[in-house]
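Report on the structure
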Amino acid sequence: MNLSIVGSGYVGTTVAACFADLGHNVTNVDIDESIVARINDGGAPIHEPGLDDLVAEYGGDRLRATTDYDTIRETDVTFLALPTPSRDDGSIDLGAMEAGARSLGATLAEKDGDHVVVVKSTVVPGTTEETLAPILAEESGKALGEDLHVAMNPEFLREGSAVEDFLHPDKVVFGTDSETATERLHAVFEPLLDHSDADVVETGTREAEMIKYANNAFLATKVSLVNELGNVCKEYDVDAYEVADAIGLDDRIGEQFLRSGVGWGGSCFPKDVAALIAAARAVEYEPSLLEAAVEVNDKQPKRLLDLLDSHVDVAGKQVAVLGLSFKPGTDDVRNSRAIPVIEGLLDRNAEVVAYDPVAAENMREHFPDIEYVNSAAATLEDAHGAVVVTDWDEFAALDQEFDAMADAVVVDGRRIIERRDGITYEGLTW
Ligand code: UDX
């Protein structure tokens, strides 16, 4: 099929390259000429395992990028993968989505025959139906349900495994009231579903929109719950990880997302939970459990620093920060727990020396004045304390490097360091 994807950010590029891999002809539309040129030259505009190979293989061929919306008329289905950033109150800003829908609608006004528009971006319930569909209909002059069909198809891609997650999903959600859109989505995903045991969920647009938020809110709240349980465990000298392993054996709980520690970050959980809270408040519902999930998440970096305080006064002293990205396997520092941890250390007048295998440059934008070094060993040397914020595998191998610390106090926010003789080790929840 001929597909177009509007937006070549994280989701748009991944989806476009994966659709090309499934055998479709894909046009990726973006306003940024440098990104467009890059994709056509076979280079991925974002770093994601497996994506470089796909863009190198199909870029400029089955996968074409352009700034020209008119090429969309040669396609059968358009996916809208534009950003929905947070406003100050947590609600999502639909500016880019509305502008994209307007341009797309204007382009479709010149197209003979029908067209299916699929919202891929994360939007609150009702957005597709009440905001985007009317814009598309008005601009295109097409009639909804006749020659214009609208659907919502959320993504569940994790950073660091987005290509793998796309090609091997556990579910694919088609949210639409239109039979034409459902049929076309089945045709788009057929090459994937033919080789997969993924469940296909056919539902309404509003349900599809909510499924995405519910998915992320559930997972974030699950982590906050294990963090809360972990905090209680710590006070009672109970190993929260042994408790988590045991409760995870109950199928109703499940073994994943039970790692307690310094909390969740990234581009999705914080933004999506905030948007859901804002959406609930907008209809005068106070989502107290979601608010508590955020509160617990905000508390974990403070608890980590309190533990450090209980062993060493860090004022004027060098403190090592191990890990800066919001999780291992990525250089993304958006909402990383390292940010409040470093802020807390700076409030205490500590001299922060940080190390991350890939994320230091990105963190430099937040904290240009702290010291960044090239190895975990270098950050530990002469430090009066170390805090572990990201569970990079390489930290598990650290051993005699701790001997070079001035005060070998290690507060581990991710249970990645081995407890050993010669260091004062504090696990955040164990
Ligand atoms: C998440 C969702 O998993 C994905 O489906 C959605 O589309 C986008 O948001 P991502 O942000 O890439 O993906 O990260 P994920 O691997 O889910 O981890 C999120 C955060 O939770 C990280 O900061 C991670 O360190 C933390 N986490 C996760 C825990 O603290 N404990 C756990 O047990 C699991």
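Look up a bit, the structure's there.
Read on for a plain summary of the structure. (Residues numbered from 1 in each chain as written. Predicted model: local features only at pLDDT ≥ 70, side-chain atom pairs only at ≥ 80, totals over all residues. Heavy atoms only, no water.)

Comments concerning the packing of aromatic side chains
One pass over the structure, following the stated rule, counts 9 aromatic pairs. Here the aromatic rings of Phe19 and Phe189 are separated by 5.5 Å at their centres, their planes lie at 75°, and the arrangement is edge-to-face. Taken together, the positions of Phe19 in helix α1 (residues 10-21) and Phe189 in helix α7 (residues 179-193) put the pair 170 residues apart, joining distant regions of the chain. Note on Phe189: relative accessible area 3%, which makes it buried. Centroid distance Phe257 to Phe269: 6.2 Å. Interplanar angle 50°. Geometry classified as tilted. Remark: Phe269 occurs in helix α10 (residues 269-282) and Phe257 occurs in the loop between α9 (240-247) and α10; sequence separation between them is 12 residues. A relative accessible area of 13% places Phe269 in the buried class. A network of ring pairs unites the aromatic residues Phe19, Phe79, Phe166, Phe174 and Phe189 as a single cluster. We note Lys171 situated over the ring of Phe156; from NZ or CZ to the ring centre the distance is 4.2 Å. (Phe/Tyr/Trp six-rings, centres within 6.5 Å; stacked < 30°, edge-to-face > 60°. Helix = DSSP H or I, 4+ residues; strand = E, 2+ residues; numbered from the N terminus. Buried < 20%, exposed > 50% of the residue type's maximum accessible area, 1.4 Å probe, protein only. Lys NZ or Arg CZ within 6 Å of the ring centre and 35° of its normal.)

Points about helix α12 (residues 338-347)
Taken together, the buried positions of α12 are Ala338, Ile339, Val341, Ile342, Gly344 and Leu345. Those residues of α12 hidden inside the fold are in contact with α11 (288-309), β9 (318-322), β10 (351-355), α13 (360-366) and β12 (386-388). Looking one or two residues past α12, Asn349 carries a phi angle of roughly 65°, positive in sign. (Contact = heavy atoms within 4.5 Å.)

Digging into the side chain of Thr27
Within the secondary structure, Thr27 is located in strand β2 (residues 25-29). Judged by its relative accessible area of 15%, Thr27 falls in the buried class. With residues up to four places along the chain from it excluded, the contact list for Thr27 reads Leu3, Ser4, Ile5, Arg64, Thr66, Thr71 and Thr75.

Brief notes about the pattern of salt bridges
A complete count under the given rule lists 21 salt bridges for this structure. One salt bridge connects Glu155 with Lys212, and the closest N-O pair in it is separated by 2.9 Å. On the criterion of sequence distance, the pair formed by Glu155 in the loop between β6 (148-152) and α6 (162-167) and Lys212 in helix α8 (residues 205-235) is long-range, its members being 57 residues apart. The burial state of Glu155 is the same as that of Lys212; both residues are buried. Of the charged contacts, one joins Arg364 and Glu361 as a salt bridge, the two residues approaching to 3.2 Å between their closest N and O atoms. Note that Arg364 and Glu361 are positioned in helix α13 at a spacing of 3 residues, about one turn of the helix. Taking the relative accessible area as the measure of exposure, Arg364 reaches 35% and is therefore partly exposed. (Salt bridge = Lys/Arg side-chain N within 4 Å of Asp/Glu carboxyl O.)

Regarding the site of the ligand
Close contacts around the ligand come from 19 residues, with Glu159, Arg259, Cys268, Phe326 and Lys327 the closest. In this structure, an oxygen atom belonging to the ligand sits 2.9 Å away from a main-chain N or O atom of Arg259. At 3.2 Å, a side-chain N or O of Arg414 approaches an oxygen atom of the ligand. Here the ligand, which alone exposes 670 Å², has 91% of that area covered by the protein. Among the elements that take part in the shell around the ligand, α8 stands out by supplying 3 residues, more than any other. The class makeup of the residues in the shell around the ligand is 9 nonpolar, 3 polar and 7 charged. (Near = heavy atom within 4 Å. Polar contact = N/O pair within 3.5 Å; in protein donor to acceptor, adjacent residues only side chain to side chain. Areas by Shrake-Rupley, 256 points an atom, 1.4 Å probe, with all protein chains shown as cover. Nonpolar A, V, L, I, M, F, W, Y, C, P; charged D, E, K, R; others polar.)

Topic: the environment of Phe79
Assignment of secondary structure puts Phe79 in strand β4 (residues 77-80). Look at Phe79 and you get buried, because its relative accessible area is 0%. In the structure, Phe79 is positioned 162 residues away from Tyr241 in sequence and 41 Å away in space, judged by C-alpha atoms. Contact partners of Phe79, with chain neighbours within four places excluded, come to Ser4, Ile5, Val6, Phe19, Val118, Lys120, Asn153, Leu185 and Val188.

Focus on the packing of helix α4 (residues 95-108) against helix α5 (residues 127-140)
Two numbers describe how α4 lies on α5: the axes approach to 7 Å, and their chain directions differ by 30°. As summarised for this structure, α4 and α5 are arranged roughly parallel, according to the angle between their axes. Every pair of crossing elements has a handedness; the one defined by α4 and α5 is right-handed. In this structure, α4 uses Met97, Glu98, Ala101, Arg102, Leu104, Gly105, Ala106 and Leu108 to contact α5, whose residues at the interface are Thr131, Leu132, Ile135, Leu136, Glu139 and Ser140. Grouping the constituent residues of the contact of α4 with α5 by class yields 8 nonpolar, 3 polar and 3 charged. (Axes fitted to C-alpha atoms, helices over the stretch in contact; angles between N-to-C directions. Parallel < 35°, antiparallel > 145°, perpendicular 65-115°, else oblique. Left-handed = near helix turned anticlockwise from the far one by under 90°.)

So, the sheet that holds strand β14 (residues 424-427)
An order of β11-β10-β9-β12-β13-β14 is seen for the 6 strands of this open sheet, with the pairing classed as parallel. The open sheet terminates on both sides in strands that have one partner only, identified here as β11 (371-372) and β14. Alignment of strand β13 (residues 409-412) against β14, held across 4 bridges, turns out to be parallel. Residue Val409 lies in a different strand from β14, and its bridge partner there is Thr424. Packed onto the sheet, α11 meets β9, β12, β13 and β14 and runs at close to 160° relative to β13. (Pairing = 2+ DSSP bridges.)

Topic: a nonpolar patch on the surface
A grouping of Val232, Tyr236, Val238 and Val243 is seen on the molecular surface, where their side chains present a nonpolar patch of about 370 Å² in accessible area. Residue classification places Val238 among the partly exposed residues on the basis of a relative accessible area of 33%. (Patch = residues over 30% accessible without salt bridge, like charges linked within 9 Å, V, L, I, M, F, W, Y side chains within 5 Å.)

Digging into the side chain of Ser140
Relative to the helices and strands, Ser140 resides in helix α5. Ser140 gets classed as buried once you look at its relative accessible area, which sits at 7%. There is a polar contact of 2.7 Å between the side chain of Ser140 and the backbone oxygen of Leu136. Among the polar contacts made by the side chain of Ser140, one reaches the main-chain amide nitrogen of Lys142 at a distance of 3.1 Å. Residues contacting Ser140, with those up to four places away along its chain left out, are Gly105, Leu108, Ala109 and Leu148.

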